[in-house]
Amino acid sequence: DLELSYEHAAGTTPSRAFVRLSWKTASSNATWTTIPASAYLRRARVANSSFHNDVFPGAADAARSTVTATSATHPAATWVDVGVVEVRDSCANLRSDVGPPTSDSVAVVAYGPANTRIFADIADLGNATYRASLRADVAGEYTLMAVVGREATLVALLSVAPEDADSETLSRTAAEATFVGAQVRGSPWMATFEPGALTAATSSATT
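Residues numbered from 1 in each chain as written. Predicted model: local features only at pLDDT ≥ 70, side-chain atom pairs only at ≥ 80, totals over all residues. Heavy atoms only, no water.

**Thoughts on the overall build of the chain**
Thought 1: Within the chain, the secondary structure is distributed over two helices and 11 strands.
Thought 2: Listing every helix and strand of the chain by position from the N terminus yields β-β-β-β-β-β-β-β-β-β-α-α-β.
Thought 3: The long-range share in the chain, meaning contacts at least 24 apart out of those at least 6 apart in sequence, stands at 67%. (Helix = DSSP H or I, 4+ residues; strand = E, 2+ residues; numbered from the N terminus. Contact = heavy atoms within 4.5 Å.)

This is how it looks when you write it as structure tokens:
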């Protein structure tokens with residue numbers, strides 16, 4: 001085996017530097033044959049070329065974020081978990097897989113019978129995952145929507161504000177128009193809230 005090492009240490013015209021390796025047999029009339037560079041050159045890592053780089057998730061993207069409903073039916077008149085929202089970027093990376101912790105604006109609203117409108121409580125579970133819980137005192141079928149983003153969260157809050165609230169109340173139709181680009185995958189979804197256990201305080205008798 002023959003090993004040839006070459007290092008270009010200095011010079012103003014490095015593009016003109018070259019190494020050529022040739023061989024021939026012991027025959028007197030043999031000619032030199034150039035060995036191609038691919039046969040004896042190997043790549044060497046430049047000193048200090050390795051470096052650490054963290055690639056953080058991008059901004060929240062509603063189209064790639066998801067919501068998973070916990071159940072299609074829930075008892076009314078009690079607090080229940082209705083869904084879990086995962087906030088992801090445009091490449092479906094969870095927003096806080098790496099890098100500093102993130103806190104996104106997430107809202108879940110429910111629209112039910114008799115103009116019932118509920119703004120769910122949101123619990124940050126870490127790793128860009130959020131649990132939505134709510135209490136529906138009116139039994140019936142509800143349409144639930146999960147949105148991400150500050151503007152959509154504010155609109156969601158206004159859409160469930162009481163009619164006599166100081167802030168402007170938005171209709172469900174107006175809210176849905178804003179939610180078009182802010183709803184996560186899996187939203188909207190339906191859930192039925194069934195009458196809960198019998199209670200004397202809310203029961204009545206007629207004679």
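Having seen the model, we can carry on.
**Considering the pattern of salt bridges**
Thought 1: A full pass over the atoms with the stated rule returns four salt bridges.
Thought 2: For Asp 81, the salt bridge goes to Arg 131, with nearest N and O atoms at 3.7 Å. Taken together, the residues span a long stretch of sequence, with Asp 81 in strand S5 (residues 79-86) and Arg 131 in strand S9 (residues 129-135) at a distance of 50 residues.
Thought 3: Judged by its relative accessible area of 37%, Asp 81 falls in the partly exposed class.
Thought 4: Put simply, Glu 86 and Arg 88 hold a salt bridge, and the shortest N to O gap is 2.7 Å.
Thought 5: Judged by relative accessible area, which is 26%, Glu 86 ranks as partly exposed. (Salt bridge = Lys/Arg side-chain N within 4 Å of Asp/Glu carboxyl O. Buried < 20%, exposed > 50% of the residue type's maximum accessible area, 1.4 Å probe, protein only.)

**Describing the sheet that holds strand S7 (residues 117-119)**
Thought 1: One open sheet accounts for five strands, arranged S4-S11-S10-S6-S7; its pairing is mixed. The open sheet terminates on both sides in strands that have one partner only, identified here as strand S4 (73-75) and S7. On average, adjacent strands in this sheet sit at an angle of 30 degrees to one another, irrespective of strand direction.
Thought 2: Sheet topology note: the S4/strand S11 (residues 189-194) ladder contains three bridges and is parallel. Bridge pairing in S11 places Thr 73 opposite Thr 192. (Pairing = 2+ DSSP bridges. Axes fitted to C-alpha atoms, helices over the stretch in contact; angles between N-to-C directions.)

**Things to note about the nonpolar core**
Thought 1: Formed by 26 residues in total, the largest nonpolar core has its most connected members in Val 85, Val 108, Leu 134, Leu 144 and Phe 193.
Thought 2: For this core, the elements supplying multiple residues, two or more each, are S5, strand S6 (106-111), S9, strand S10 (140-148) and S11.
Thought 3: In terms of residues, this core owes the most to one element, S10, which gives four residues.
Thought 4: Those residues in contact with Val 85 that lie beyond four places of it in its chain are Thr 66, Val 67, Val 106, Val 108, Ala 128, Thr 129, Tyr 130 and Ala 146.
Thought 5: The next biggest cluster of nonpolar side chains, apart from the first, holds 12 residues, and it includes Ala 107, Val 109, Tyr 111 and Val 160. (Core = buried A, V, L, I, M, F, W, Y, C linked by side-chain atoms within 4.5 Å.)

**Focus: helix H1 (residues 150-159)**
Thought 1: For H1, the set of buried residues is Ala 152, Thr 153, Val 155, Ala 156 and Ser 159. All buried residues of H1 fall inside an arc of 160 degrees around its axis, so they share one side. Away from the buried face of H1 by more than 90 degrees, exposed residues Arg 150 and Glu 151 are located. (Arc of directions from axis to C-beta.)

**Structural notes on the pairing of S5**
Thought 1: Bridge count between strand S3 (residues 66-69) and S5: four bridges; the pairing is antiparallel. Bridging across to S5, Val 67 finds its partner in Val 85.
Thought 2: One ladder, built from seven bridges, connects S5 with S9; its direction is antiparallel. Paired with Asp 81 across the two strands is Ser 133, which belongs to S9.

**A few points about the sheet that holds S3**
Thought 1: If you walk across this open sheet you meet the four strands as S3-S5-S9-S8, and the pairing is antiparallel. Every other strand in the sheet has two partners, leaving S3 and strand S8 (121-126) as the edge strands with one partner each. Taking each pair of neighbouring strands and ignoring which way they run, the sheet shows an average axis angle of 25 degrees.

**Focus on the packing of aromatic side chains**
Each aromatic ring pair is specified by the distance between its two centres and by the angle formed by the two planes.
Thought 1: Here the structure, examined in full by the defined rule, presents one aromatic pair.
Thought 2: Judged by centre distance (5.0 Å) and plane angle (70 degrees), the ring pair of Tyr 142 and Phe 193 falls under edge-to-face. Placement of the pair is Tyr 142 in strand S10 and Phe 193 in strand S11, with a sequence separation of 51 residues. (Phe/Tyr/Trp six-rings, centres within 6.5 Å; stacked < 30°, edge-to-face > 60°.)

**Concerning the side chain of Arg 95**
Thought 1: Tracing the sequence through the fold places Arg 95 in the loop between S5 and S6.
Thought 2: Arg 95 gets classed as buried once you look at its relative accessible area, which sits at 14%.
Thought 3: In terms of polar contacts, Arg 95 uses its side chain to reach the backbone carbonyl oxygen of Gly 58, at 2.8 Å. (Polar contact = N/O pair within 3.5 Å; in protein donor to acceptor, adjacent residues only side chain to side chain.)

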